[in-house]
Amino acid sequence: MSHIARCAWRIVITLCFVTCTVRADDSRVVALDGYIEQARRDWQVPGVAVGVVLDGEVVFARGYGAREIGKPQRLDTQSLFEIGSLTKAVTAAALALLVEEGRIRWDDLVIDHLPAFRLSDPWVTSRVTVRDLLANRVGFEGGTEVVVPMTARDVLNRTRILRQFTSFRDSMLYSNSLYDVAGELVSAVSGMSWAQFVEQRLFAPLRMKNSFASVDTAGLWRPEHLAPSMYGQAPAGAVSLELALNDNVSMPHWHAPPAAVVLPWQISLQGGAAAGSAVSNLDDLLQWTRWHLSDGQPMLRQATLAELHTTQTLIRESPSSSFSAVSSVVERVSPSRGPPGYALGWFTDTFRGYRYIDHGGALLGAMSLIAMIPERRMGVVVLANSYGRGGHGLMNSAIAMRILDALLEVEPHDWSGDLLRVAERAEAEERRHQLELQRSRGKRMPPSLPLREYAGPYRNAELGEVGIEHVGNELFLRLPGVFRWRLEPWRGETFRLHVSSAGAELMQFFVTFGIDPQGRVASFDPGWALLGESLQRVR
């Protein structure tokens, strides 16, 4: 077949793929309309969008609740979300296109395409392949780029300081940093930026007209209304729906009883892009899910698409508390589970006796999920604008599994009620933990030095230079990315770091200062892996 004929055939297949779909709501899912809305209310999530693909057709797509709490605008199937780590499957598919074209192979060495790639272990560096990066089996973690703004090139150049936590290819270790390296591979091999490639070579052919590589390319916000990293703050301060440059965006929310705090959109096209910066909506992600449940046309052969979904490494330790919670409940309800694993941008498992593929995406205040059972050609997309109760985004999985129960026509389980009880126990445990911390604090022991002596510049390899500021009678940790987090004196040289954004307290960690023999502050241990190793005082 000539090149012109092949191109013409691809155009025909593309048109068929994007147009040959009749949308008719499946009565089995429609019957769950009340269940979904009740789950949204029970989990205290302002808005959720839910869609279903079955046998190549979109059979259900609806929005529930509000785009922003307290505002009249309803969330719908066109409302835009930041989809977080669902972007990983996009990056893996981008490399699959390059594999299909013979420009790279899954088992090519990374250093052959990116000579700047260096890990702290030269032996591992010389053996890491494209497949290893996408399968999260290199054994090195990282992730500082989701806290402090840096470019993808910065992330690549900093791979030499990533810490190794597991043996090479021994098990799955989730790494945002190494997915950023995969994005740099796309750029090096294609000659296009990662953002240009995924928008032009993936989203455009699939007619995902409202999907973008990042909030930057989407043009949704002015810079002063964006947080420049996942844990950052918008320079202008508080943000709201009315400030968006698009009239249909979903605002992230932090669950903070008795209400929810509206957060800014996060992550510009910097480090973290190929791991988690894409923007999309329910309608487009249903198109994306249809493609993954198809034969791979118009872009990939079926065998290449299947490789993306094939387990590459087993999961020996849970990568997150939400993964543990869902796994434990599924194991109790449907004990035919096989060993979980990771493919190329997707988690793999067993659900109700079927091979199950899914992935979630979490940015602060936004949770997304795509879940698929390829054998039955069914998939569910759930997008929420809050993690909801418990703080782990369990509602998305609960809704998806209840819908799959209906489509599989098995005895239905109340996944929302079951997982909500898990979340309630977690909330109660956190309250007990906080009370115990206060009790164990004992008699107050002030810092050994005046607070002003702790102020000044500090540095480590991961963050570069940061500052501790003395303002009034308080200390604050100042980080790049419009951060200023309060340091509360706790006991002696131990302080409590309050991580916050837009007025919402997100989490707390304990940091400990080191005093040198001369009685001067010499260092502090940040107590949070994403902030790296101990920071040394700069004098």
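Basis of the calculations
- Residues numbered from 1 in each chain as written.
- Predicted model: local features only at pLDDT ≥ 70, side-chain atom pairs only at ≥ 80, totals over all residues.
- Heavy atoms only, no water.
- Helix = DSSP H or I, 4+ residues; strand = E, 2+ residues; numbered from the N terminus.
- Rg over C-alpha atoms; globule rule 2.2 N^0.38 Å.
- Areas by Shrake-Rupley, 256 points an atom, 1.4 Å probe, with all protein chains shown as cover.
- Pairing = 2+ DSSP bridges.
- Contact = heavy atoms within 4.5 Å.
- Axes fitted to C-alpha atoms, helices over the stretch in contact; angles between N-to-C directions.
- Parallel < 35°, antiparallel > 145°, perpendicular 65-115°, else oblique.
- Left-handed = near helix turned anticlockwise from the far one by under 90°.
- Nonpolar A, V, L, I, M, F, W, Y, C, P; charged D, E, K, R; others polar.
- Phe/Tyr/Trp six-rings, centres within 6.5 Å; stacked < 30°, edge-to-face > 60°.
- Buried < 20%, exposed > 50% of the residue type's maximum accessible area, 1.4 Å probe, protein only.
- Lys NZ or Arg CZ within 6 Å of the ring centre and 35° of its normal.
- Polar contact = N/O pair within 3.5 Å; in protein donor to acceptor, adjacent residues only side chain to side chain.
- Salt bridge = Lys/Arg side-chain N within 4 Å of Asp/Glu carboxyl O.
- Core = buried A, V, L, I, M, F, W, Y, C linked by side-chain atoms within 4.5 Å.

(A) Examining the overall build of the protein more closely. In terms of helices and strands, the protein carries 17 helices and 20 strands. The globule rule puts the C-alpha radius of gyration for 539 residues at 24 Å, and the 24 Å found for the protein is close to it. The principal-axis extents of the C-alpha atoms in the protein amount to approximately 80 × 55 × 45 Å. A total accessible area of about 21300 Å² is found for the protein, and carbon and sulfur atoms account for 51% of it.

(B) The sheet that holds strand β10 (residues 354-363), seen in detail. Reading across from one edge, β2-β1-β12-β11-β10-β9-β8-β7 is the order of the eight strands in this open sheet, with antiparallel pairing throughout. Edge positions in the sheet fall to β2 (57-65) and β7 (313-314), since each of these pairs with one other strand and no more. Two strands pair when backbone bridges link them, and strand β11 (residues 366-373) and strand β12 (residues 378-384) are joined in this way by seven bridges, in the antiparallel orientation. Along β12, the bridge assignment pairs Ser368 with Leu383. Strands in contact with helix α16 (residues 394-408) are β1 (47-54), β9 (347-351), β10, β11 and β12; relative to β12, the strand with the most contacts, it is inclined by about 155°.

(C) Spotlight on the packing of helix α15 (residues 321-333) against helix α17 (residues 415-441). Where α15 meets α17, the closest approach of the two axes is 10 Å, and the angle between their N-to-C directions is 130°. For the element pair α15 / α17, the angle class is oblique. Between α15 and α17 lies a crossing of right-handed hand. For the pair formed by α15 and α17, the contact residues are Ala325, Val326, Val329, Val330, Arg332 and Val333 on the first element and Trp415, Asp418, Leu419 and Val422 on the second. Within the contact of α15 with α17, the residues separate by chemical class into eight nonpolar, no polar and two charged.

(D) Highlighting the environment of Thr129. Here Thr129 shows up in the loop between α6 (122-125) and α7 (130-134). Considering only alpha carbons, one finds Thr129 and Thr217, 88 residues apart in sequence, at a separation of 30 Å. With residues near it in sequence (within four places) discarded, Thr129 still touches Trp106, Asp107, Asp108, Leu109, Val110 and Arg169.

(E) Spatial organisation of the packing of helix α3 (residues 33-42) against α17. Look at α3 against α17: their axes get within 10 Å of each other, and the N-to-C directions meet at 10°. What the angle tells us is that α3 and α17 run roughly parallel. Contact residues: Tyr35, Ala39 and Asp42 in α3; Trp415, Ser416, Gly417 and Leu420 in α17. Residues that form the contact of α3 with α17 fall into these classes: four nonpolar, two polar and one charged.

(F) Structural detail: the packing of aromatic side chains. Tallying each qualifying case throughout the model produces 21 aromatic pairs. Ring geometry for Tyr458 against Phe513: centres 6.4 Å apart, planes inclined by 65°, an arrangement best described as edge-to-face. Of this pair, Tyr458 sits in strand β13 (residues 456-460) while Phe513 sits in strand β18 (residues 504-515), and the two are 55 residues apart along the sequence. As far as burial versus exposure is concerned, Tyr458 and Phe513 are alike and both buried. Arranged with centres 5.1 Å apart and planes meeting at 75°, the rings of Phe495 and Phe513 form a pair that is edge-to-face. Residue Phe495 is found in strand β17 (residues 494-501), and its partner Phe513 is found in strand β18; the two are separated by 18 residues along the sequence. Taking relative accessible area as the criterion, Phe495 reaches 0% and is therefore assigned buried. When its relative accessible area of 4% is taken as the criterion, Phe513 is described as buried. An aromatic cluster of at least three residues, connected via ring pairs, comprises Tyr231, Phe483, Trp485, Phe509 and Trp528. If you follow Lys88 out to its NZ or CZ, it ends over the ring of Tyr179, 5.7 Å from the centre.

(G) Representation of the side chain of Ser416. By the secondary structure assignment, Ser416 is in helix α17. The buried category is assigned to Ser416, whose relative accessible area is 4%. In terms of polar contacts, Ser416 uses its side chain to reach the side chain of Trp43, at 3.0 Å. When neighbours within four sequence positions are excluded, Ser416 is seen to be in contact with Tyr35, Ala39, Trp43 and Ala398.

(H) Inspection of the pattern of salt bridges at higher detail. All chains considered together, the criterion is met by 29 salt bridges. Residues Glu533 and Arg163 are paired through a salt bridge, measuring 3.6 Å at the closest nitrogen-oxygen approach. Here Arg163 lies in the loop between α8 (152-157) and α9 (176-190) and Glu533 lies in the loop between β19 (521-525) and β20 (535-537), a separation of 370 residues in the sequence. Residue class for Arg163 comes out partly exposed when judged on its relative accessible area of 29%. For Asp170, the salt bridge goes to Arg316, with nearest N and O atoms at 3.9 Å. A residue pair is termed long-range when its members are at least 10 positions apart, and Asp170 in the loop between α8 and α9 and Arg316 in the loop between β7 and α15 qualify at 146 residues. Look at Asp170 and you get partly exposed, because its relative accessible area is 38%. Overall, the relative accessible area of 56% leaves Arg316 in the exposed class. Three or more residues joined by partner-sharing salt bridges are found here, namely Asp26, Arg28 and Glu409.

(I) Here's a closer look at the side chain of Asn281. Examined against the element boundaries, Asn281 turns out to sit in the loop between β6 (279-280) and α13 (282-292). Engagement of the side chain of Asn281 in a polar contact is seen with the backbone oxygen of Gln78, the distance being 3.3 Å. At 2.9 Å, the side chain of Asn281 and the backbone nitrogen of Asp284 are in polar contact. Setting aside residues no more than four positions away along its own chain, Asn281 makes contact with Thr77, Gln78, Ser79, Leu80, Asn210 and Leu383.

(J) Spotlight on the nonpolar core. Counting residues in hydrophobic clusters, the biggest one holds 78 residues, and the most contacted among them are Leu95, Leu202 and Trp288. Looking at this core element by element, the count peaks at 10 residues for helix α4 (residues 87-100). Not counting residues up to four positions away in its chain, the partners in contact with Leu95 are Ile104, Trp106, Val130, Leu134, Ala182, Leu185 and Val186. If you look at the next biggest cluster of nonpolar residues, it comprises 43 residues, including Val59, Phe351, Tyr354 and Trp415.

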